[in-house]
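Topology and contacts: notes
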Amino acid sequence: NGLSASSALLLLICADSQTANCAQRELAELTSISTAAVSGHLETLRRMGLVGSKRDTQDRRRQTWHVTQQGELLVERIKSQLAMSNGSYVDREAA
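One structure accompanies this document, and this report is about it. (Residues numbered from 1 in each chain as written. Predicted model: local features only at pLDDT ≥ 70, side-chain atom pairs only at ≥ 80, totals over all residues. Heavy atoms only, no water.)

1. Side note on the overall build of the chain
Check the secondary structure of the chain and you find four helices and three strands. What you see in the chain, going N to C, is helices and strands ordered as α-β-α-α-β-β-α. The proportion of buried residues among the 95 residues of the chain is 31%. Of the contacts formed within the chain by residues at least 6 apart in sequence, a portion of 49% connects residues at least 24 apart. (Helix = DSSP H or I, 4+ residues; strand = E, 2+ residues; numbered from the N terminus. Buried < 20%, exposed > 50% of the residue type's maximum accessible area, 1.4 Å probe, protein only. Contact = heavy atoms within 4.5 Å.)

Structure, rendered in structure tokens:
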């Protein structure tokens, strides 16, 4: 998929129903990635059409991020790959 691990992590967090529509600062806190680095990753994801942003209606300075339909498709692929790699790891350990 061409994403860095940090970008993939941010995409997964934005797709999670409990952390969807997070602001950049909140995403930085959740991931322990600097706000500046989060900004760069989000811009890359936005250019790829995987996330979008919108301004908070209560606080116009606050911008929240959400996964696009295209991003949701990639999230499902990532989750599937993670599940397969977890399964093979468990299988190797059990052997």
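2. Focus: the nonpolar core
In this structure, L3, L11, L27, V38 and L45 are the most contacted members of the largest nonpolar core, which totals 20 residues. For this core, the secondary structure elements donating two or more residues are α1 (5-15), α2 (24-31), α3 (35-47), β3 (63-67) and α4 (69-94). With five residues, the single largest contributor to this core is α1. For L11, the residues in contact, after removing those within four places along its chain, are L3, L45, L50, V51, V67, G71, L74, V75 and I78. (Core = buried A, V, L, I, M, F, W, Y, C linked by side-chain atoms within 4.5 Å.)

3. Quick notes on α2
Listed in full, the buried residues belonging to α2 are L27, A28 and T31. Projected down its long axis, α2 shows its buried positions confined to an angular sector of 100°, all on one face. α2 presents R25 and E29 as exposed residues on the side facing more than 90 degrees away from its buried surface. Where α2 is buried, its residues contact α1, β1 (22-23), α3 and β3. One or two positions beyond α2, positive phi appears at S32, with a value near 60°. (Arc of directions from axis to C-beta.)

4. A few points about the sheet that holds β1
Hydrogen bonding along the main chain pairs the strands of a sheet, whether they run parallel or antiparallel. Taken in spatial order, the three strands line up as β1-β3-β2 in an open sheet, and their pairing is antiparallel. Whereas interior strands pair on both sides, the edge strands pair on one side only; in this sheet they are β1 and β2 (51-55). Sheet analysis places β1 next to β3, joined by two bridges and oriented antiparallel. Counterpart to C22 in the pairing with β3 is W65. (Pairing = 2+ DSSP bridges.)

5. Digging into the pattern of salt bridges
Taken as a whole and assessed by the stated rule, the structure comprises five salt bridges. One salt bridge connects R62 with D56, and the closest N-O pair in it is separated by 3.3 Å. Of the residues examined, R62 reaches a relative accessible area of 25% and is grouped as partly exposed. For D59, the salt bridge is made with R61, and the minimal N-O distance between the two is 3.1 Å. With relative accessibility at 26%, the residue D59 sits in the partly exposed group. (Salt bridge = Lys/Arg side-chain N within 4 Å of Asp/Glu carboxyl O.)

6. Side note on unusual backbone geometry
For S32, which is not glycine, the phi torsion reads 60° and is therefore positive. Residue position: S32 is located in the loop between α2 and α3. The exposure class of S32 is exposed, given its relative accessible area of 70%.

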